[in-house]
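Residue-level structure breakdown
Given next are the chains, with one letter for each unit.
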Amino acid sequence: DSSGLSAQEVRTAALETLAENLSDGVIAPLFWYMLLGIPGMLAYKMVNTLDSMIGYRNERYRAFGCFAARLDDVSNYIPARLTAFLMILAFLPRGLLGGLLRFVGIYGSQHASPNSGYPEAALAGILDCRFGGPHNYFGEEVWKPYIGSNERPLKTEDMRVAVRINRRVEWWMVVAVIVTSTLASFCF
């Protein structure tokens with residue numbers, strides 16, 4: 001629920017969502033397309049959508065939701081880490097490769113999700129900010145572990161940097177798909 005959020009909380013939520021959705025909505029489907037073609041991409045999107053629909057830890061969805069969530073975790077394992085790595089590479093003109101990789105190594109696994117934390121940690125490291133803390137889901141306050149330690153206020157420029165990084169990573173992945181598909185067509 002965003003109605004009671006401050007501007008800082010809205011920016012934080014938007015950046016966390018941007019990082020996670022880069023992985024789930026762009027990199028992972030393209031990754032599975034590169035490996036298994038259209039059937040792989042479609043299977044991934046079905047698993048990811050199923051997790052979004054019923055992957056909740058409540059009594060209503062317990063029977064199938066846990067399975068959907070675990071299947072989504074497995075299918076996003078490599079793409080989430082690839083996304084974080086590509087985000088860091090997209091930021092490299094400003095340096096700090098080793099420091100950012102260590103930052104992601106420290107904070108990426110602290111998220112409740114085994115995968116979402118990696119792209120979120122990459123973006124928090126790039127922006128030198130802190131994600132996580134209290135969030136309101138369906139009227140219930142949920143505390144996410146902090147990713148990063150710098151509590152600085154987020155600015156519009158941070159949003160622009162994040163969007164530029166996302167666009168660069170998206171283009172790199174599209175190019176990787178085109179190159180891979182072209183090479184595969186010559187080999188088979």
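For the structure, check the block above.
Structure report, in brief. Just so it is clear, the model here is predicted, and its values are computed rather than measured.

**Let's talk about the nonpolar core**
If you look at the biggest cluster of nonpolar residues, it comprises 33 residues, and the most contacted ones within it are Met 87, Leu 123, Ile 165 and Val 169. Contributing elements (two or more residues each) for this core: α1 (7-54), α2 (62-91), α3 (97-107), α4 (117-127) and α5 (156-187). It is α4 that contributes the most residues to this core, seven residues altogether. Ignoring any residue separated from it by four or fewer positions in sequence, one finds Val 169 in contact with Leu 22, Ile 27, Leu 86, Met 87 and Ala 90.

**Section: a nonpolar patch on the surface**
Together, Trp 171, Trp 172, Val 174 and Ile 178 make up a nonpolar patch on the protein surface, roughly 430 Å² of accessible area in all. Along the polypeptide, Trp 171 turns up in helix α5.

**A closer look at α4**
Taken across its 11 residues, α4 has 11 buried, putting it largely inside the fold. Those residues of α4 that sit buried are Gly 117, Tyr 118, Pro 119, Glu 120, Ala 121, Ala 122, Leu 123, Ala 124, Gly 125, Ile 126 and Leu 127. Elements in contact with the buried residues of α4: α1, α2, α3, β1 (131-137), β2 (140-147) and α5. Looking one or two residues past α4, Asp 128 carries a phi angle of roughly 50°, positive in sign.

**A short note on the side chain of Thr 12**
Along the chain, the position of Thr 12 falls in helix α1. The class for Thr 12 is buried, based on a relative accessible area of 10%. Aside from chain neighbours lying at most four places away, what touches Thr 12 is Arg 130, Phe 131 and Leu 154.

**Things to note about the packing of α1 against α5**
Where α1 contacts α5, the axes come no closer than 10 Å and their chain directions differ by 0°. Comparing the axis directions of α1 and α5 gives the class roughly parallel. Here the residues of the contact of α1 with α5 sort into 18 nonpolar, four polar and three charged.

**A look at the pattern of salt bridges**
Counted according to the given criterion, the structure contains five salt bridges. Residue Arg 70 is joined to Asp 73 by a salt bridge in which the shortest nitrogen-to-oxygen separation is 2.2 Å. A residue pair is termed a helical-turn pair when its members lie 3 or 4 positions apart in one helix, as Arg 70 and Asp 73 do in helix α2 at three residues. Residue Asp 73 is classed as buried on the basis of its relative accessible area, which comes to 15%. As a salt-bridge pair, Arg 164 and Glu 157 come within 3.3 Å of each other at their nearest N and O atoms. Residue class for Arg 164 comes out partly exposed when judged on its relative accessible area of 43%.

**Structural notes on the pairing of β1**
Two strands pair when backbone bridges link them, and β1 and β2 are joined in this way by six bridges, in the antiparallel orientation. Counted as the bridge partner of Pro 134 is Trp 143 from β2. Connecting β1 to the antiparallel partner β2 that follows it, the hairpin turn spans two residues, and Phe 138 within it adopts a positive phi of roughly 55°.

Criteria and thresholds
- Residues numbered from 1 in each chain as written.
- Predicted model: local features only at pLDDT ≥ 70, side-chain atom pairs only at ≥ 80, totals over all residues.
- Heavy atoms only, no water.
- Core = buried A, V, L, I, M, F, W, Y, C linked by side-chain atoms within 4.5 Å.
- Buried < 20%, exposed > 50% of the residue type's maximum accessible area, 1.4 Å probe, protein only.
- Helix = DSSP H or I, 4+ residues; strand = E, 2+ residues; numbered from the N terminus.
- Contact = heavy atoms within 4.5 Å.
- Patch = residues over 30% accessible without salt bridge, like charges linked within 9 Å, V, L, I, M, F, W, Y side chains within 5 Å.
- Areas by Shrake-Rupley, 256 points an atom, 1.4 Å probe, with all protein chains shown as cover.
- Salt bridge = Lys/Arg side-chain N within 4 Å of Asp/Glu carboxyl O.
- Axes fitted to C-alpha atoms, helices over the stretch in contact; angles between N-to-C directions.
- Parallel < 35°, antiparallel > 145°, perpendicular 65-115°, else oblique.
- Nonpolar A, V, L, I, M, F, W, Y, C, P; charged D, E, K, R; others polar.
- Pairing = 2+ DSSP bridges.

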